Amino acid sequence: PLLAAAADVLALDDEEDDLEVFSKDTSLAEVNSLSPSMPISPSSMINQYKFEDEPELRDLFITVDDPESHITAIETFITYRVVTKTSRGEFDSSEYEVRRRYQDFLWLKSKLEEAHPTLIIPPLPEKFIMKGMVERFNDEFIETRRKALHKFLNRIADHPTLTFNEDFKIFLTAQAWELSSHKKQGPGLLSRMGQTVRAVASSVRGGVKNRPEMFTEMNNYMETFSQKIIVLDKIAHRIYKEEREYFNEMKEYGPIHTLWSASEEDIADSLKGVASCIEKCCRATEKRMAGLSEHLLPILHEYVLYSEILMGVLKRRDQIQSEFESKVDVLANKKDLFSEEIGKLEDKVECANNALKVDWDRWKQNMKCDMRSMFTNMAENNLCYYEECLATWESFLASQRVDPHVEEDSEDRP
Amino acid sequence: MEDCLVKKMEITVSEAEKRTGRNAMNMQETYTAYLIETRAVESQGEGQCAPVDSLWRRYSEFELLRNYLTVTYPHVVVPPLPEKRADFVWHKLSADNMDPDFVERRRIGLENFLLRVAAHPVLCLDKMFYSFLTQEGGWKEMVNETGFQLKADSRLKALNATFRVKNPDKRFTELKHYSDELQSVISHLLRVRARVADRLYGVYKVHGNYGRVFSEWSAIEKEMGDGLQSAGHHMDVYAASIDDILEEEEHYADQLKEYLFYAEALRAVCRKHELMQYELEMAAQDLTSKKQQCEELATGTVRTFSLKGMTSKLFGQETPEQREAKIRILEEQIQEGEEQLKSKNLEGRDFVKSAWADIERFKEQKNHDLKEALISYAVMQISMCKK
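Residues numbered from 1 in each chain as written. Chains lettered and ligands numbered in written order. Predicted model: local features only at pLDDT ≥ 70, side-chain atom pairs only at ≥ 80, totals over all residues. Heavy atoms only, no water.

**Points about the overall build of chain B**
Thought 1: Assigned secondary structure in chain B consists of 10 helices and 3 strands.
Thought 2: Written out in order from the N terminus, the α and β elements of chain B read α-β-β-β-α-α-α-α-α-α-α-α-α.
Thought 3: Per-residue burial for chain B yields a buried fraction of 45% across its 387 residues.
Thought 4: Sequence separation of 24 or more characterises 74% of the internal contacts of chain B that already satisfy a separation of 6 or more.
Thought 5: On chain B, roughly 20800 Å² of surface is accessible, and the fraction owed to carbon and sulfur atoms is 51%. (Helix = DSSP H or I, 4+ residues; strand = E, 2+ residues; numbered from the N terminus. Buried < 20%, exposed > 50% of the residue type's maximum accessible area, 1.4 Å probe, protein only. Contact = heavy atoms within 4.5 Å. Areas by Shrake-Rupley, 256 points an atom, 1.4 Å probe, with all protein chains shown as cover.)

**A closer look at the overall build of chain A**
Thought 1: Along its length, chain A carries 12 helices and 3 strands.
Thought 2: Counting only residues that meet the buried cut, chain A has 46% of its 414 residues in that class.
Thought 3: Put simply, of all contacts in chain A between residues at least 6 apart along the chain, 75% involve residues at least 24 apart.
Thought 4: Taken as a whole, chain A presents about 21700 Å² of accessible surface, with 55% of it coming from carbon and sulfur.

**Some points on the pattern of salt bridges**
Thought 1: Counted under the stated rule, the structure contains 38 salt bridges over all chains.
Thought 2: Between Glu279(A) and Arg283(A) there is a salt bridge; the shortest N-O distance is 3.9 Å. On the criterion of helical spacing, the pair formed by Glu279(A) and Arg283(A) is a turn pair, its members being 4 residues apart in helix 11 (residues 268–333).
Thought 3: Across the pair Lys287(A) and Glu388(A) runs a salt bridge, and its minimum N-O distance is 2.8 Å. Here the residue Lys287(A) occupies a position in helix 11, and Glu388(A) occupies one in helix 12 (residues 340–402), the gap between them amounting to 101 residues.
Thought 4: Assessed through its relative accessible area of 28%, Glu388(A) is described here as partly exposed.
Thought 5: Overlapping salt bridges, with partners in common, bring together Glu83(B), Arg105(B), Arg193(B), Glu250(B), Asp254(B) and Lys257(B) in one network. (Salt bridge = Lys/Arg side-chain N within 4 Å of Asp/Glu carboxyl O.)

**As for the domain arrangement of chain A**
Residue and element names in this part refer to chain A.
Thought 1: Per the domain assignment, the segments of chain A are domain 1 (60–181) and domain 2 (213–400).
Thought 2: For domain 1 and domain 2, the distance between their C-alpha centres works out to 22 Å.
Thought 3: Each partner contributes to the interface: domain 1 provides 17 residues, whereas domain 2 provides 20 residues.
Thought 4: A combined buried area of about 1600 Å² lies between domain 1 and domain 2, and 57% of that area is made up of carbon and sulfur atoms.
Thought 5: Looking at the side of domain 1 facing domain 2, the largest losses of area belong to Thr118, Ile120 and Arg155, adding up to 42% of the total buried there.
Thought 6: At the boundary of domain 1 with domain 2, the tally comes to 3 salt bridges.
Thought 7: Of the charged contacts, one joins Asp370 and Arg155 as a salt bridge, the two residues approaching to 2.8 Å between their closest N and O atoms.
Thought 8: Elements with a minimum of two residues in the side of domain 1 that touches domain 2: helix 5 (102–115) and helix 6 (139–158).
Thought 9: The greatest single-element share of the side of domain 1 that touches domain 2, amounting to 4 residues, is contributed by helix 6. (Domains from an automatic or database assignment. Buried area = accessible area lost by both parts, 1.4 Å probe.)

**Focus: the packing of aromatic side chains**
Any two aromatic rings considered together are summarised by their centre-to-centre distance and by the angle between their planes.
Thought 1: Here the structure, examined in full by the defined rule, presents 19 aromatic pairs over all chains.
Thought 2: Centre to centre, the rings of Tyr303(A) and Tyr306(A) are 5.2 Å apart; their planes meet at 40 degrees, and the pair counts as tilted. With Tyr303(A) and Tyr306(A) both in helix 11 and 3 residues apart, this pair spans about one turn of that helix.
Thought 3: The aromatic ring of Phe91(A) is capped on one face by Lys169(A), whose charged end is 5.7 Å from the ring centroid.
Thought 4: One Lys or Arg, Arg57(B), reaches over the ring of Phe132(B) and ends 4.8 Å from the middle of that ring. (Phe/Tyr/Trp six-rings, centres within 6.5 Å; stacked < 30°, edge-to-face > 60°. Lys NZ or Arg CZ within 6 Å of the ring centre and 35° of its normal.)

**A few points about the pairing of strand 2 (residues 28–40) of chain B**
Looking along a regular strand, one sees the side chains alternate between the two faces of the sheet.
Residue and element names in this part refer to chain B.
Thought 1: By the bridge criterion, 13 bridges tie strand 1 (residues 9–22) to strand 2 in an arrangement that is antiparallel. Along strand 2, the bridge assignment pairs Glu10 with Arg39.
Thought 2: In sequence, strand 1 turns back onto strand 2 through a hairpin of 5 residues, with Asn26 there showing a positive phi of about 60 degrees. (Pairing = 2+ DSSP bridges.)

**Some details on the confidence of the model for chain A**
Residues and elements named next belong to chain A.
Thought 1: Overall, the predicted model of chain A reaches an average pLDDT of 76, with 73% of residues at or above 70.
Thought 2: No element of chain A has a lower mean pLDDT than helix 2 (residues 16–28), which averages 32, and none a higher one than helix 10 (residues 213–261), which averages 90.
Thought 3: Low pLDDT (under 50) marks residues 1–53, which in the prediction has 58 contacts with non-local residues, meaning those over four places away or in another chain.
Thought 4: The model gives residues 404–414 a pLDDT under 50, and that stretch makes 20 contacts with residues more than four places away or in other chains. (pLDDT = per-residue confidence, 0-100.)

**Describing helix 6 of chain A**
Thought 1: Given a rise of 1.5 Å per residue, 20 residues ought to cover 28 Å, and the 29 Å separating the end C-alpha atoms of helix 6 of chain A matches this to within 8%.
Thought 2: Along helix 6 of chain A, the residues that are buried comprise Phe141(A), Ile142(A), Arg145(A), Arg146(A), Leu149(A), Phe152(A), Leu153(A), Asn154(A), Arg155(A), Ile156(A), Ala157(A) and Asp158(A). (Expected span 1.5 Å × (residues − 1).)

**Let's talk about helix 3 (residues 100–119) of chain B**
Thought 1: Here helix 3 of chain B contains 20 residues, and its C-alpha end-to-end distance of 29 Å stays within 8% of the 28 Å for a straight helix at 1.5 Å per residue.
Thought 2: For helix 3 of chain B, the buried fraction is high: 14 of the 20 residues fall into the buried class.

**Some thoughts on the packing of helix 5 of chain A against helix 8 (residues 176–184) of chain A**
All names here are of chain A.
Thought 1: Running from N to C, helix 5 and helix 8 cross one another at 40 degrees; their axes reach a closest spacing of 12 Å. Relative to helix 8, the element helix 5 lies oblique. Helix-helix and strand crossings are classified by hand; for helix 5 and helix 8 the assignment is left-handed. For the pair formed by helix 5 and helix 8, the contact residues are Gln103, Asp104 and Trp107 on the first element and Leu179, His182 and Lys183 on the second.
Thought 2: The residue makeup of the contact of helix 5 with helix 8, split by class, is 2 nonpolar, 2 polar and 2 charged. (Axes fitted to C-alpha atoms, helices over the stretch in contact; angles between N-to-C directions. Parallel < 35°, antiparallel > 145°, perpendicular 65-115°, else oblique. Left-handed = near helix turned anticlockwise from the far one by under 90°. Nonpolar A, V, L, I, M, F, W, Y, C, P; charged D, E, K, R; others polar.)

Structure, rendered in structure tokens:
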């Protein structure tokens, strides 16, 4: 009855109490078995936890800003300010402000992966960037990283399961020393090692035998998607580079006309007009590039990282299944098919599968939304650019045609 | 202007054809021949059209014509020919003289040249020009028979020498400066324009890469599939559109190039004037010194130091008969010199007058043309944006 009530309640719009009910379940039940024991339809979940553009449904608001450099005897690093505003009951206060460094984000991500091996944990920006980086603390790099970290935390906040993760809460609220002591606790290292051992064992066994059709499809999809998104990312960067080169040449082009106008009398104004048009188009090009770098590049990059993550999630799911299958094999020989162990592993597989399925659908939805808005923004960006250029030249043309000089019907015209 | 050839005759360079032949050194060569079509403009109306005359000429013959005109009418700013070799090329454009796009643009340039000459009040009356348009055979020989080459060679030598004019005409000096500035600014502009075109080409073409990826991606998507397909298609169209855009821009570049070369022609007129002025001054100087010599001989005084003076002092005076002879010779020379000077002065003044008239003409034309060019550039930009 509790479950049914919760499901009903969740299908309606959220109120604080509903969420509290939900979260109380979380704290009681074992994390791994949470999702499958709640028969919530994926679509109602998606409707509830829609993406960023529906703030009324959210009760957790996070911002990442204000990068600051810290210099100690041993190292130099950057911390970012993480501000959380919430109306959730399980938070002691409604506002938090903490400082976190990249390492802390890495820690959070690994904890989430540990807790939810078959959920899609959002990507973190890379540790280093291979090409073109001289200094780790280049301003552009920091800003890009900051934006990505902001995205990371917000994606977690929007995730129906991850948003209630305890480590996430601690990450958002704990003071620096509290966080370090918390980090030291827990199974952490051992469980990670166990994970690695299992992974190795699984690959030794030769992988999964009866992978459900659905996951094979997912795999195939991800392979193609991954290829395509990587190429798109490359193309987008190339376009940015070409536009930058174009911009650089245009910067020189306009002033020549002004220089020329200095030697002329009659056509001086026309020349100056052209110079100013070119200048305006230059500025429009700059805006266009900024739009590209704000709307297109980060999203494509995020999805490149996502595709890696998804491949990893699919592997982990396979691992879980192959563990189960190998246990079955082992015990089948001993004719002991109904051991408790098998039962647990079977559950585990089912949980993992369901969790992934639900999260996969959610991810697809989000991806579609993201892509749609990305393309729309790009199209608008480009339209804006061309409209501006058009307006500039049209007004130039109008100014020239009104000019009485043009009206002479010169017989010199060939 | 009313009796300019262009009013009486329709002139077109309508076709270009690749030919092979033997050149002066009996070696095989390929060249392009251009068809010049002329038709008298009759005021008869009623659909009665005069027959079309046509003949083929190659670029070198056009060059010959222009050289002839430049030498024969030194005070005229002679319209320039389209460039001999492709210059200000960016990576997509071919520098090959046989490239069809280049040939096409050259055809237009040659037609433009002929029309400009035909529209010029002085040049259009020239007989060699007329026969260039109408006489198929023997034209080259006829032109060479005028002996303009000799004049050209001596002029060329003189022009290339450095000389200083004592009293330069300020207007011409300013004009020379202007032509230098114009040349430099237009070539700079053309260079940068070529680079800009190259970059723009890059931007558009890279967008084309999207096309294939989108269509491949659309294969694995269900709901997004159609959207991606159409986006891919649009990217392909976008990438392809740059070719036409830049081709049109080449015409704009050609218009600028015409004025680049015009600036050279203008400069040439200024230099010729300078040369004239210089020769005038030399002649005047020469005359003055002769007059002085004469005076000295007549009066027996030596005002300026001269070797002759010294030798005569050292080796004795000349006989009066000798002196008389000398004086007579000098007087003759002086007379000659004075006449020469007069005619040179006249020449100079005429030159200046007609040159200046032509220059004014040129300026007006230039202003008009450049303005049109800039306007058409704007129009092109607009159409590019609209796409």
